Amino acid sequence: MVEPIGHVAMALLFAVPAWLLWGRRPAVTFAVLTQATALLPDVDLFLREHFVHPLLQHHGITHTVPFMLIAGVVFGVGAAYALTPVLNANRLIHSDSITPETTFVFTTAAFWAGGLSHIAVDLLSAEPDAGIAPLWPLYRDEVVLNIVAYDSTPVNLGLIVTAIVVHVVLYRAERYPYETRWRVG
C-alpha cells in the first residue's frame, strides 16, 4: 500500500487542470476536495473488517475505475442537490448564480480526480503479488506496473514537493481561467 503522502501528492497533481477551468478560489477548493476523496478507495480496509465478501478485499472493487466513476456521479448528484442552494446563499462564494449543473460537474470532477489519482499511484507502485484490476468487471486481470517502490521516501517527498510548488506557482499567477459553461464565480 502506498504511503498516504503519495496519494495526497498525486491527487494534488490530478487537481492541476482546475486552475485552467475555474481560477484561483474554486481551484483551491477543488484541490481540497480531491484530498478528501484521494484516500476513499482505501475504504475497503474498513469495510472488510465488518463485511465478508470477496469483492471487499484490499485493492478490490473500490480500486476500480468503474466504481470510482459511478461513485463520483452519485456524489455529484447528491452535492448538486444539497450544496447548490447553500453555495448560492453563502456570501463567501461571491456568486448567487451557481447552477446545479456547475455544482455537479465541479464535485464529480473533484471526486474523480481524487479517486482516480489513488488508483493511478497504486498501479505505479504495485508489488507483483499485490496487483489491482482497475477495469474490473470489464477486464478482470490484475495489472502491475511497479515503476516505483510504494514506500520510497524520496519519491513520495519529490511528488509532494512538486505538487505543492505547481499549485503555489498557479496560485500566484495572475491568469484568468478559460471561459466555460461550468465557470464558478
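Residues numbered from 1 in each chain as written. Predicted model: local features only at pLDDT ≥ 70, side-chain atom pairs only at ≥ 80, totals over all residues. Heavy atoms only, no water.

Caption draft 1: Here's a closer look at the overall build of the protein. Check the secondary structure of the protein and you find 7 helices and 0 strands. Of the regular secondary structure in the protein, the N- to C-terminal order runs α-α-α-α-α-α-α. In the protein, which comprises 185 residues, the share counted as buried stands at 37%. Restricting the contact set of the protein to residue pairs at least 6 apart, pairs at least 24 apart contribute 67%. Surface accessibility of the protein: about 10600 Å² in total, with carbon and sulfur atoms responsible for 69%. (Helix = DSSP H or I, 4+ residues; strand = E, 2+ residues; numbered from the N terminus. Buried < 20%, exposed > 50% of the residue type's maximum accessible area, 1.4 Å probe, protein only. Contact = heavy atoms within 4.5 Å. Areas by Shrake-Rupley, 256 points an atom, 1.4 Å probe, with all protein chains shown as cover.)

Caption draft 2: Quick look at the UniProt feature "transmembrane region" (unreviewed entry) in the protein. Sites flagged by UniProt as "transmembrane region" (unreviewed entry) map to residues 64-83, 104-121 and 155-173. The annotated region residues 155-173 carries 95% helix and 0% strand content, and the separation between its end C-alpha atoms amounts to 27 Å. (UniProt positions renumbered as here; feature names shortened; annotations may be inferred.)

Caption draft 3: Representation of the packing of aromatic side chains. A full pass over the atoms with the stated rule returns 5 aromatic pairs. A connected cluster of aromatic rings, assembled from ring pairs, spans Trp22, Phe30 and Phe106. (Phe/Tyr/Trp six-rings, centres within 6.5 Å; stacked < 30°, edge-to-face > 60°.)

Caption draft 4: Broad picture of the packing of helix H3 (residues 24-38) against helix H6 (residues 100-124). Relative to each other, H3 and H6 sit at 45°, their axes nearing to 8 Å. When the axes of H3 and H6 are compared, the pair comes out oblique. Like other packed secondary-structure pairs, H3 and H6 cross with a definite hand, here right-handed. Each of Pro26, Thr29, Phe30, Leu33, Thr34, Thr37 and Ala38 in H3 lies in contact with H6, whose residues at this interface are Phe106, Thr107, Ala109, Ala110, Phe111, Ala113, Gly114, Gly115, Ser117 and His118. Residues belonging to the contact of H3 with H6 are distributed by class as follows: 9 nonpolar, 8 polar and no charged. (Axes fitted to C-alpha atoms, helices over the stretch in contact; angles between N-to-C directions. Parallel < 35°, antiparallel > 145°, perpendicular 65-115°, else oblique. Left-handed = near helix turned anticlockwise from the far one by under 90°. Nonpolar A, V, L, I, M, F, W, Y, C, P; charged D, E, K, R; others polar.)

Caption draft 5: Layout of the nonpolar core. Core analysis: the biggest nonpolar cluster contains 14 residues, and Leu12, Ala18, Trp22 and Phe30 have the highest contact counts within it. Counting only elements with at least two residues in this core, the list comes to helix H1 (4-14), helix H2 (18-22), H3, H6 and helix H7 (153-172). Contacts of Ala18, omitting those with residues within four sequence positions, involve Gly23, Ala27 and Phe30. Core analysis: the next-biggest nonpolar cluster, separate from the first, contains 6 residues, Met68, Ile119, Leu123 and Ile132 among them. (Core = buried A, V, L, I, M, F, W, Y, C linked by side-chain atoms within 4.5 Å.)

Caption draft 6: Broad picture of the environment of Ala36. The residue Ala36 is located in helix H3 in this model. Ala36 sits in the exposed class, given a relative accessible area of 58%. Spatially, the C-alpha atoms of Ala36 and Gly114 are 7.4 Å apart, while their sequence positions differ by 78 residues.

Caption draft 7: Representation of helix H5 (residues 65-89) within the structure. Taking 1.5 Å per residue, 25 residues should reach 36 Å; H5 reaches 35 Å between its end C-alpha atoms and fits that length. In the structure, H5 departs most strongly from a straight axis at Leu83, where the bend amounts to approximately 45° and where the proline Pro85 lies between one and four residues downstream. All of the buried residues along H5 are Pro66, Met68, Ala71, Gly72, Gly76, Ala79, Ala80 and Thr84. Against the buried residues of H5 lie H6. Of the residues flanking the start of H5, the one acting as N-cap is Thr64, its side-chain oxygen 3.2 Å from the backbone nitrogen of Phe67. (Expected span 1.5 Å × (residues − 1). Bend = angle between axes of the 7 residues up to and from the residue. Polar contact = N/O pair within 3.5 Å; in protein donor to acceptor, adjacent residues only side chain to side chain.)

Caption draft 8: Structural detail: a nonpolar patch on the surface. Together, Val28, Val32 and Tyr171 make up an exposed nonpolar region whose accessible area comes to about 260 Å². Tracing the sequence through the fold places Val32 in helix H3. For Val32, a relative accessible area of 54% gives the class exposed. (Patch = residues over 30% accessible without salt bridge, like charges linked within 9 Å, V, L, I, M, F, W, Y side chains within 5 Å. Salt bridge = Lys/Arg side-chain N within 4 Å of Asp/Glu carboxyl O.)

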